[in-house]
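Coordinate inspection notes
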Amino acid sequence: MARAPAPASGDALDMGTRTGMITVVVVSLVLGALAFLLRTRVAGAAIAIPLTGAVLVPLFATGTRAQLPRAPGELAARILAPARDLLGRLVDLAHVDVRCMARFGEGTKSYDEVRLACAPNDRIPGLRTIELALAGDSAGAPAALPEVLVRFDDGSPAASKIAQLAPGIRIVPGRSPEERVLRLSPRVPTPAGAARLLARLASDLEGKRVSDRAPLATPPKARRFAGIERRIASLRGAAAPA
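What comes next concerns the included structure. All values reported here derive from a predicted model rather than from experimental measurement. (Residues numbered from 1 in each chain as written. Predicted model: local features only at pLDDT ≥ 70, side-chain atom pairs only at ≥ 80, totals over all residues. Heavy atoms only, no water.)

Below, the discussion takes up the overall build of the protein. Within the protein one finds 7 helices and 6 strands. Written out in order from the N terminus, the α and β elements of the protein read α-α-α-α-β-β-β-β-α-β-β-α-α. (Helix = DSSP H or I, 4+ residues; strand = E, 2+ residues; numbered from the N terminus.)

Now for the layout of surface pockets. Take a probe with the size of a water molecule and roll it over the atoms, and the empty space left behind shows itself. Roughly 390 Å³ of internal volume is contained in the second largest pocket. L184, S185, R187, L197 and R200 are the residues nearest the centre of the second largest pocket, which is lined by 17 residues in total. Counting only elements with at least two residues in the lining of the second largest pocket, the list comes to α5 (157-165), β6 (179-184) and α6 (191-204). Broken down by element, the lining of the second largest pocket gets its largest block of residues, 6 residues, from α6. When its residues are assigned to classes, the lining of the second largest pocket shows 11 nonpolar, 2 polar and 4 charged. (1 Å grid on protein atoms, 1.4 Å probe; cavity = no way out; pocket = protein on both sides within 12 Å on 5 of 7 lines; lining within 4 Å. Points joined across faces, edges and corners; volume = space filled by probe spheres on them. Nonpolar A, V, L, I, M, F, W, Y, C, P; charged D, E, K, R; others polar.)

Enumeration over the complete set of coordinates arrives at 0 aromatic pairs. Across from the ring centre of F36, 3.9 Å away, lies the NZ or CZ of R39, which sits over that ring. (Phe/Tyr/Trp six-rings, centres within 6.5 Å; stacked < 30°, edge-to-face > 60°. Lys NZ or Arg CZ within 6 Å of the ring centre and 35° of its normal.)

As a further point, take a nonpolar patch on the surface. Side chains of L13, V55, L56 and L59 sit close together on the surface and give an oily, nonpolar patch of about 330 Å² of accessible area. On the secondary structure map, L56 appears in the loop between α2 (45-53) and α3 (57-61). (Patch = residues over 30% accessible without salt bridge, like charges linked within 9 Å, V, L, I, M, F, W, Y side chains within 5 Å. Areas by Shrake-Rupley, 256 points an atom, 1.4 Å probe, with all protein chains shown as cover. Salt bridge = Lys/Arg side-chain N within 4 Å of Asp/Glu carboxyl O.)

Burial analysis of strand β4 (residues 144-153) places 8 of its 10 residues in the buried class, which makes it a mostly covered element. The pairing of β4 with β6 spans 6 bridges and is antiparallel. Bridge assignment links F152 to a residue of β6, and that residue is R180. (Buried < 20%, exposed > 50% of the residue type's maximum accessible area, 1.4 Å probe, protein only. Pairing = 2+ DSSP bridges.)

Time to look at the nonpolar core. Counting 34 residues, the largest nonpolar core has I130, L132, V148 and V150 as its most contacted members. The leading source of residues in this core is α6, at 7 residues. Setting aside its immediate chain neighbours within four residues, V150 contacts L127, T129, I130, I162, R180, V181, L182, L201 and L205. (Core = buried A, V, L, I, M, F, W, Y, C linked by side-chain atoms within 4.5 Å. Contact = heavy atoms within 4.5 Å.)

Let us look at α6. For α6, spanning 14 residues, the distance from its first C-alpha to its last is 20 Å, which sits close to the expected 20 Å at 1.5 Å a residue. Considered for burial, the residues of α6 that qualify are G193, A194, A195, L197, L198, A199, L201 and A202. (Expected span 1.5 Å × (residues − 1).)

In this section: the side chain of E179. Its place among the elements puts E179 in strand β6. In terms of polar contacts, E179 uses its side chain to reach the side chain of R128, at 3.1 Å. (Polar contact = N/O pair within 3.5 Å; in protein donor to acceptor, adjacent residues only side chain to side chain.)

The structure is reproduced here in structure tokens:
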């Protein structure tokens, strides 16, 4: 659930906030009262005062929070949180590792990106993780689109499986020389579309669970010993009185 933004010093001039809307109403009432009181004392006051107050509209309607780039935490609350909740209803979380990770600046406590990592516990060899990231159209864009990144090792069984699942899609280098990344976009760029794509990838790239493996063949029955049981005889001899 998205938290309400923290109050800022410029909220009084932002009509998109509660404080700014109260300021707009108060200013409008003051200008209206002045125009009403001076309408019979100053010629044209009933028209001049409202027109003069119109110049204040850009002061309250521009540079608002809604026009600024979204913070990483706000984007995560709007897209990643609903996708995580829907993913919990699509897959069995007992077999899937779902976690949230953020990228912090070196030596700072502020983060500039949040991602949702999802990978089956019994994954196909070579699969590292599946990440749901937010890709903006441009730097500082007020909105972002969900993008799924599949990280795997080059030349591994996961690479062969991914080549079958996504033929013709370009593979890009990863964070290390042996890592490769498959970039996918949901058909519908919504949290629900991203959750369905994550659930499908987690199912297709899951290794064979222990519970799904074929049961071991029952061992052949041991043949019954047909000779003389010497252990019983020795025990009886040890128990006999001297």
